Each structure stands twice: as structure tokens, then as C-alpha cells.
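Commentary on secondary and tertiary structure
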Amino acid sequence: MPGIRKLNVPKGQIIFQRGQACPGFVVLKEGTIKVTLAGPSGREVVLYRVRSGEICLQTLSCLINGEPYGAEGVAETEIAGELVPANEFHKKFADDAEFRDRIMASVATRFAEYQRLVEEVALTSFDARLAKVLLRMAGSGDFVATTHSALAAETASGRAYVTRRLAEFAKSGLVEQEEDGIALRNRKRLEQLAAGER
């Protein structure tokens, strides 16, 4: 399609922010975009991540409704893709049934993720959420290079509360707080907590 331009963004760069007009539809081919929402107090929550082949609901909403962004998107890793101008996106969405079906399937998937986020915040204990986030961020390893502020955003909570709960986790031998992150000391118990076991 005419007007499409390549998109290459280094890790850590802001791709869009609250109040900004949407320049077009991002087709992500490599990397991850982290989408966050910040309140007036500065407290932040991670809404979702966009990976290759997925869509950003914020961008889609802006394009469909003609409104500015309501959240911030940051390149969590180096990203590569294409930017489809708004007018080209609207034309393709109207004329290309296969493209439209892919978009709607992605919207359904993203909506399910939102539902899980609401369920976790409303119905899951904080310790379970914190354990899940630590395990996810550690992957197959036993160390998470992160900050208390980042964990607060990932768990939809305040930094001070994260600090208090991590101190309790450390007292119980689940983790050890180090200068550059958090070491997991009892993965099995963290997995039990994450699963909702007391």
C-alpha cells in the first residue's frame, strides 16, 4: 500500500503518549511494545504488551474514534515494523475482509486479556499477583532485574506496598533483594502462591 513507512524504534523510546494524535496503524514485526496508564498521582499500571502479529487497542481505538491516545506505549525491546497511515488503514479495513477479520480476532484476544487483568486485580490476592509477575519476569532463571516501581506497575499497586510485601517475601525465604534486582530463592513456594495456594 502507498504511504506505508518502515518503523524502527530503539529500546526505551516512547512510541505514543497520552493526548497525542494517532499517526496510523502499527504493524509490528519484531519486538515488544509495553502499554501503560498513569494516574494524576504518577502511579502507573501495565495494561498489556503488543508483540509481533498483535494489535494495540489504544491505536485501534484512536483510529476508529478519531480521538487522541489515552495511554503511553514504550518500546520494551528494539522494535521493527511498518506504520500504515490512518487513511490507508480505513480503506483497507473497509475493503479487505481478511484484514478486517484479523483485526477483529485480535480485538477479541486483547479483550480477553483485559478481562483477565480486571479479574486479577479484583479477585486475586496481591501476593499471588506479585508471585506471578516475579515468575514471569524471571522466565527460566532465578533473578529479576527490576525495580519496586516497575513491579508496582506490573501488579497495579503502589510502590510502597510492593516494598512491604517483598520484605515479607524475603523474611519467608522466598526472595532475596539485591542491589540490581530480586533473586528468587524458593521458586516452588512462589509457584504455589501464584496458583492461589496459601
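Use the structure listed above.
Anyway, here's the lowdown on the structure attached to this text.

Each value, and the rule that gives it
Residues numbered from 1 in each chain as written. Predicted model: local features only at pLDDT ≥ 70, side-chain atom pairs only at ≥ 80, totals over all residues. Heavy atoms only, no water. Helix = DSSP H or I, 4+ residues; strand = E, 2+ residues; numbered from the N terminus. Buried < 20%, exposed > 50% of the residue type's maximum accessible area, 1.4 Å probe, protein only. Contact = heavy atoms within 4.5 Å. Areas by Shrake-Rupley, 256 points an atom, 1.4 Å probe, with all protein chains shown as cover. Lys, Arg positive; Asp, Glu negative; His and termini not counted. Charge placed at Lys NZ, Arg CZ, Asp CG, Glu CD. Salt bridge = Lys/Arg side-chain N within 4 Å of Asp/Glu carboxyl O. Pairing = 2+ DSSP bridges. Axes fitted to C-alpha atoms, helices over the stretch in contact; angles between N-to-C directions. Phe/Tyr/Trp six-rings, centres within 6.5 Å; stacked < 30°, edge-to-face > 60°.

**A few points about the overall build of the protein**
Tallying secondary structure elements over the protein gives 7 helices and 10 strands in all. Across its three principal directions, the C-alpha atoms of the protein cover 60 × 35 × 30 Å. Out of the 198 residues belonging to the protein, those deemed buried represent 38%. At a minimum sequence separation of 6, the contacts of the protein that also span at least 24 residues come to 67%. Of the roughly 11000 Å² of accessible surface on the protein, a fraction of 51% belongs to carbon and sulfur atoms. Averaging the coordinates of the 27 positive side-chain charges in the protein and doing the same for the 26 negative ones gives two points 3 Å apart.

**A closer look at helix H1 (residues 57-65)**
When we look at burial in H1, the residues that qualify are Leu57, Gln58, Thr59, Leu60, Cys62 and Leu63. Along its buried surface, H1 packs onto strand E2 (14-16), strand E3 (24-30), strand E4 (32-38), strand E5 (44-51), helix H2 (86-95) and helix H3 (97-123).

**Re the environment of alanine 97**
The topology assignment puts alanine 97 in helix H3. Accessibility expressed as a relative area gives 40% for alanine 97, which makes it partly exposed.

**So, the pattern of salt bridges**
Scanning the entire structure with this criterion turns up 14 salt bridges. With a shortest N-O distance of 3.2 Å, lysine 29 and glutamate 82 are connected by a salt bridge. Placement of lysine 29 in strand E3 and of glutamate 82 in strand E7 (residues 79-85) is noted, with a sequence separation of 53 residues between them. For glutamate 82, a relative accessible area of 24% puts it in the partly exposed group. Across the salt bridge formed by glutamate 176 and arginine 185, the nearest N and O atoms sit 3.0 Å from each other. Owing to a relative accessible area of 39%, glutamate 176 belongs among the partly exposed residues under this scheme. Here arginine 185 falls in the partly exposed class, since its relative accessible area comes to 48%.

**Describing the sheet that holds E3**
What links the strands of a sheet is backbone hydrogen bonding, and the strands pair in either a parallel or an antiparallel sense. Strand order in this open sheet of 3 strands is E1-E7-E3, and the pairing throughout is antiparallel. Each having just a single partner strand, strand E1 (5-9) and E3 make up the two edges of the open sheet. Direction aside, neighbouring strands of the sheet carry axes that sit 30 degrees apart on average. With 6 bridges joining them, E3 and E7 adopt antiparallel strand pairing. Bridging from a neighbouring strand, valine 26 pairs with leucine 83 of E7. On the sheet, H2 packs against E3 and E7 and is oriented at approximately 80 degrees with respect to E7.

**Quick word on the pairing of strand E9 (residues 175-178)**
Inspection of the sheet shows E9 paired to strand E10 (residues 181-184) by 4 bridges, in the antiparallel sense. Following the sheet pairing, valine 175 is matched in E10 by leucine 184.

**With respect to the packing of aromatic side chains**
Working definition: an aromatic ring pair is given by the centre-to-centre distance plus the angle between the planes. Tallied over the entire structure, the rule returns 6 aromatic pairs. Ring centres 4.0 Å apart and planes at 10 degrees place the aromatic pair phenylalanine 16 and tyrosine 69 in the stacked group. Note that phenylalanine 16 is positioned in strand E2 and tyrosine 69 in the loop between H1 and strand E6 (72-75), a separation of 53 residues in sequence. Of the two residues examined, phenylalanine 16 and tyrosine 69, each falls in the buried class. Both rings, one in phenylalanine 25 and one in phenylalanine 99, keep their centres 6.1 Å apart while their planes meet at 85 degrees; by these two values the pair is edge-to-face. Of the two residues, phenylalanine 25 sits in strand E3 while phenylalanine 99 sits in helix H3, which places them 74 residues apart along the sequence. An aromatic cluster is defined as three or more aromatic residues linked by ring pairs; in this entry it consists of Phe25, Phe89, Phe93 and Phe99.

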